[in-house]
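Chain and residue survey
Single-letter residue listing:
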Amino acid sequence: EEIQPTVSVINDVSASMLLPSEIKLNAAVSLAGIFMSSAINSECAVSWWTFGNGMSSLWPLSRFFPEKVPDKIDGTKTLAEELSSLAQPLPRHGLKIVISDFLWQDPPPDTIRSLMKDGCALIMICVLCQEEIKPALGGIFSLSDSEKGGRLDIEIAQTERDAYADRISTHLDLWKE
């Protein structure tokens with residue numbers, strides 16, 4: 001039986017993708033476009049999914065490229081949560097490409113297991129801004145929780161910057177394993 005190769009591109013559209021600016025979201029969507037164009041040129045069936053604001057298929061298996069990103073970018077759900085509540089499953093036995101900042105607390109193995117179920121390959125691409133990896137010099141900052149709406153004024157000294165750098169590095173290392 002002949003089966004057409006399938007590529008599912010899965011984009012994070014949670015609120016964290018808009019911080020500190022739209023650069024991350026624009027980069028993630030651009031990467032999705034590159035992968036989808038390559039898959040179409042290779043005669044694969046392609047689908048484009050989003051998570052973080054309710055898992056949804058923006059673009060069904062077809063040969064036409066999407067024209068815009070989702071209108072509503074304010075979700076708070078993780079990919080593992082979204083996958084577990086998905087009514088229509090992701091296409092089976094294909095390549096899955098996840099593009100995200102991976103800034104959630106779910107253990108990476110749980111998310112990866114959910115994605116690898118029925119799939120033959122998985123690529124995970126982490127998109128972060130320079131400010132997230134190496135935050136600006138210390139000082140007084142106003143922090144806004146983009147997902148829950150909270151606000152906190154805080155002074156960040158060198159010790160806090162060092163602690164943040166250690167935590168983000170540890171978190172990203174979990175995804176590398």
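Right, let's walk through the structure included here. (Residues numbered from 1 in each chain as written. Predicted model: local features only at pLDDT ≥ 70, side-chain atom pairs only at ≥ 80, totals over all residues. Heavy atoms only, no water.)

1. Some remarks on the pattern of salt bridges
Throughout the structure, instances matching the rule amount to three salt bridges. In this structure, Glu-132 and Lys-24 form a salt bridge, with 2.7 Å as the shortest nitrogen-oxygen distance. Within this pair, whereas Glu-132 is found in helix α4 (residues 130-133), its partner Lys-24 is found in helix α1 (residues 23-41), the two being separated by 108 residues in sequence. By relative accessible area, which is 10% here, Glu-132 ends up buried. A residue is classified by how much of its surface remains accessible, and Lys-24, at 1% relative accessible area, is buried. In this structure, Arg-151 engages Asp-153 in a salt bridge whose closest nitrogen and oxygen atoms are separated by 3.5 Å. (Salt bridge = Lys/Arg side-chain N within 4 Å of Asp/Glu carboxyl O. Helix = DSSP H or I, 4+ residues; strand = E, 2+ residues; numbered from the N terminus. Buried < 20%, exposed > 50% of the residue type's maximum accessible area, 1.4 Å probe, protein only.)

2. Some remarks on the side chain of Ser-16
Structurally, Ser-16 can be placed in the loop between β1 (6-12) and α1. Within polar-contact distance, the side chain of Ser-16 engages the side chain of Asp-101 at 2.7 Å. (Polar contact = N/O pair within 3.5 Å; in protein donor to acceptor, adjacent residues only side chain to side chain.)

3. Comments concerning unusual backbone geometry
Notably, Glu-43 is not glycine yet its phi reads approximately 65°, a positive angle. For Glu-43, the location among the structural elements is in the loop between α1 and β2 (45-51). Classification of Glu-43 by relative accessible area gives exposed; the value is 57%.

4. Observations regarding the environment of Gly-52
For Gly-52, the location among the structural elements is in the loop between β2 and β3 (56-62). Of the residues examined, Gly-52 reaches a relative accessible area of 2% and is grouped as buried. With 41 residues separating them along the chain, Gly-52 and Asn-11 place their C-alpha atoms 8.8 Å apart.

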